[in-house]
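Structural characterization, general
What follows is the residue order along each chain.
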Amino acid sequence: MRKILFLLLVSIVAPAFSSAEVNIYTSRHYDSDEALYAEFTQETGVKVNIISGKGSALLERLKSEGKNSPADIFFTVDAGNLWKVQKDGLFQSISSEKVLDIVPDNLRGPKNEWTAIAKRARVVFYNPDNVGSDEIKNLTYEGLADEKWKNRVVIRSSSNMYNQSLVASLIANIGIENTENWARKFVGNFARKPQGNDRSQIIAVANGEADIAIANSYYIGIMLSGAAGKEQLQAAKKVKILFPNQKDRGTHINISGAGILKNAPNVKNANLFLEFLVSKRVQKYMVDKSFEYPISEDVLPSPEIVSLGLGFKEDSTSVKKFGELNPEAIRLMDRSGWK
Ligand SMILES: [Fe+2]
């Protein structure tokens with residue numbers, strides 16, 4: 001009888017202590033995500049609280065909140081950024097078997113501290129008015145050091161994580177010395193001092209200020225969708241995309257991803273939320289909005305991205321390497337004069 005009374009008491013009191021919620025710190029900013037969160041709540045009864053901001057600002061916030069942080073999930077882009085959070089010891093291992101089953105090992109943290117939610121390729125955009133298809137076919141990242149590209153290439157600065165991860169992937173594949181030799185020649189081919197974001201590089205190529213740009217694949221989807229305005233739509237229509245290194249290791253792949261924080265108050269709900277994000281239906285919904293590539297092969301990217309061509313060879317280098325080799329990559333870019 002006493003036991004029954006106790007259980008009764010616990011079931012009445014418990015909801016007051018364990019509110020069914022999950023707190024997400026995210027640097028993603030899609031209005032459409034609201035609908036996604038509402039659906040998760042409907043499915044599971046778990047309320048989603050979102051704190052959004054720049055990745056670096058959120059990370060600072062996490063650190064200053066320390067053990068008292070309400071954050072359950074940290075959601076950001078680039079394996080290099082996830083690595084930083086992991087290195088600071090802020091993540092715990094993801095325990096969901098579902099998530100670990102769906103996401104391949106090369107797209108997760110060393111001890112599953114974080115997992116990919118979607119993929120992006122760092123590709124070449126070229127202006128077909130100025131670059132012949134014969135000239136560009138079979139292009140590799142390494143080949144961009146060739147003298148024939150002198151004054152023809154644009155890319156953003158070396159302080160950008162996407163570029164640091166690209167260089168880290170080169171170090172992982174061809175070694176430091178070869179990468180440094182490559183970087184010196186590559187920098188020598190720049191059409192201008194690095195400036196602007198990925199989209200600025202694509203626009204520069206569309207305007208004929210340069211012939212080739214390196215930028216992330218999803219930007220072309222955003223631009224082609226028209227959501228970013230007429231100027232970007234026009235620019236996107238003028239350029240073509242090329243997936244480098246198709247005859248060897250494949251095109252450089254990075255991720256957007258998430259991890260569960262070490263002091264997360266709602267670990268179970270956090271695992272549930274990650275399972276929700278990697279489920280086929282939600283993957284489709286997300287990549288249609290973000291123009292990234294889905295984690296599983298049986299989900300199609302958005303129509304805009306499908307129109308650029310499917311089935312390119314992806315570099316399967318573990319994205320763990322990008323964080324591990326990040327300091328080396330930064331030093332190397334510095335030495336090679338990449339501003
Ligand atoms: Fe981006």
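Residues numbered from 1 in each chain as written. Predicted model: local features only at pLDDT ≥ 70, side-chain atom pairs only at ≥ 80, totals over all residues.

**Section: the overall build of the chain**
The helix and strand inventory of the chain stands at 16 helices and nine strands. Relative to the 2.2 N^0.38 estimate, which gives 20 Å for 339 residues, the radius of gyration of the chain is 22 Å and therefore close to what a compact globule would have. Based on the C-alpha atoms only, the size of the chain along its principal axes is roughly 85 × 40 × 30 Å. In the chain, which comprises 339 residues, the proportion classed as buried is 46%. Partitioning the intrachain contacts of the chain with sequence separation of at least 6 by distance along the chain shows that 78% fall at a separation of at least 24. (Helix = DSSP H or I, 4+ residues; strand = E, 2+ residues; numbered from the N terminus. Rg over C-alpha atoms; globule rule 2.2 N^0.38 Å. Buried ≥ 20, exposed ≤ 12 C-beta atoms within 10 Å, placed from the backbone. Contact = placed C-beta atoms within 7 Å.)

**Here we look at the packing of helix 4 (residues 79–87) against helix 7 (residues 161–174)**
It is the contact of helix 4 with helix 7, at a shortest axis distance of 8 Å, that shows an interaxial angle of 90°. Comparing their axes, helix 7 and helix 4 come out roughly perpendicular. Every residue of helix 7 that contacts helix 4 at A79, G80 and N81 is listed here: M161, Q164 and S165. Here the residues of the contact of helix 4 with helix 7 are counted per class, giving two nonpolar, four polar and no charged. (Axes fitted to C-alpha atoms, helices over the stretch in contact; angles between N-to-C directions. Parallel < 35°, antiparallel > 145°, perpendicular 65-115°, else oblique. Nonpolar A, V, L, I, M, F, W, Y, C, P; charged D, E, K, R; others polar.)

**Focus: the nonpolar core**
Counting residues in hydrophobic clusters, the biggest one holds 95 residues, and the most contacted among them are I73, F74, F125, I202, V205, I212 and A213. Counting only domains with at least three residues in this core, you end up with domain 1 (2–119 + 254–306) and domain 2 (120–252 + 315–335). The residues touching I202, leaving out its near neighbours within four places in the chain, are F125, A213, A215, Y219, I220, M223, A235, A236 and V239. (Core = buried A, V, L, I, M, F, W, Y, C linked by C-beta atoms within 7 Å. Domains from an automatic or database assignment.)

**Some words on the domain arrangement of the chain**
For the chain, the assigned domains are domain 1 (2–119 + 254–306) and domain 2 (120–252 + 315–335). Look at where the C-alpha atoms of domain 1 and domain 2 centre, and you get two points 30 Å apart. Tallying the contact residues gives 20 residues for domain 1 and 21 residues for domain 2. Of all the elements in the fold, those that place two or more residues in the side of domain 1 that touches domain 2 are helix 4, strand 9 (253–261) and helix 14 (303–306).

**Thoughts on unusual backbone geometry**
With glycine set apart, most residues show a phi of negative sign, and most peptide bonds adopt trans. In the Ramachandran plot, D78 falls in the positive-phi region, its phi being about 80° despite a non-glycine side chain. The topology assignment puts D78 in the loop between strand 3 (73–77) and helix 4. Among the residues examined, D78 registers 25 C-beta atoms within 10 Å and is labelled buried. Of note in this structure, N245 is not a glycine but carries a positive phi near 60°. Tracing the sequence through the fold places N245 in the loop between strand 8 (240–242) and strand 9.

**Quick notes on the pairing of strand 3**
For strand 3, the buried fraction is high: five of the five residues fall into the buried class. Alternating residues of strand 3 divide into I73, F75 and V77 and F74 and T76, and every residue in both groups is buried. For strand 1 (residues 21–26) and strand 3, the ladder comprises three bridges, and the chain directions are parallel. Bridge assignment links Y25 to a residue of strand 3, and that residue is F74. Where strand 3 meets strand 9, five bridges bridge the pair, whose relative direction is antiparallel. (Pairing = 2+ DSSP bridges.)

**Brief notes about helix 4**
Turning to helix 4, its buried residues are A79, G80, N81, L82, W83 and V85. The first or second residue beyond helix 4 is G89, which carries a positive phi of 70°.

**Some remarks on the packing of helix 9 (residues 198–206) against helix 11 (residues 230–238)**
It is at 8 Å that the axes of helix 9 and helix 11 come closest, and there the two elements cross at 65°. Like other packed secondary-structure pairs, helix 9 and helix 11 cross with a definite hand, here left-handed. Within the contact between the two elements, helix 9 uses R199, I202, I203 and A206 and helix 11 uses Q232, A235, A236 and K238. A class-by-class count of the residues in the contact of helix 9 with helix 11 yields five nonpolar, one polar and two charged. (Left-handed = near helix turned anticlockwise from the far one by under 90°.)

**Digging into helix 16 (residues 326–335)**
What helix 16 keeps buried is the set N326, A329, L332 and M333. The buried residues of helix 16 occupy an angular sector of 125° when projected down its axis, which confines them to one face. Of the exposed residues in helix 16, the ones pointing more than 90 degrees away from its buried face are P327, R331, D334 and R335. Buried residues along helix 16 sit against helix 4, helix 7, helix 8 (176–188) and helix 15 (320–324). Positive phi shows up at G337, right after helix 16, with a value of about 85°. (Arc of directions from axis to C-beta.)

**Describing the confidence of the model for the chain**
Predicted coordinates in regions of low pLDDT should not be interpreted in detail. Overall, the prediction assigns the chain a mean pLDDT of 93, with 95% of residues at 70 or greater. Across residues 5–18, where pLDDT falls below 50, the model places zero contacts with residues more than four positions away in sequence or in other chains. (pLDDT = per-residue confidence, 0-100.)

**With respect to the pairing of strand 7 (residues 212–216)**
With five of five residues buried, strand 7 is to be regarded as a mostly interior element. Burial along strand 7 is two-sided: the face carrying I212, I214 and N216 and the face carrying A213 and A215 are both buried. Bridging between strand 5 (residues 115–126) and strand 7 involves five bridges; their strand directions are antiparallel. Looking at strand 7, one finds that R122 is bridged to N216. Strand direction decides the pairing type here: strand 6 (residues 153–154) and strand 7, joined by two bridges, are parallel. Counted as the bridge partner of V153 is I212 from strand 7.

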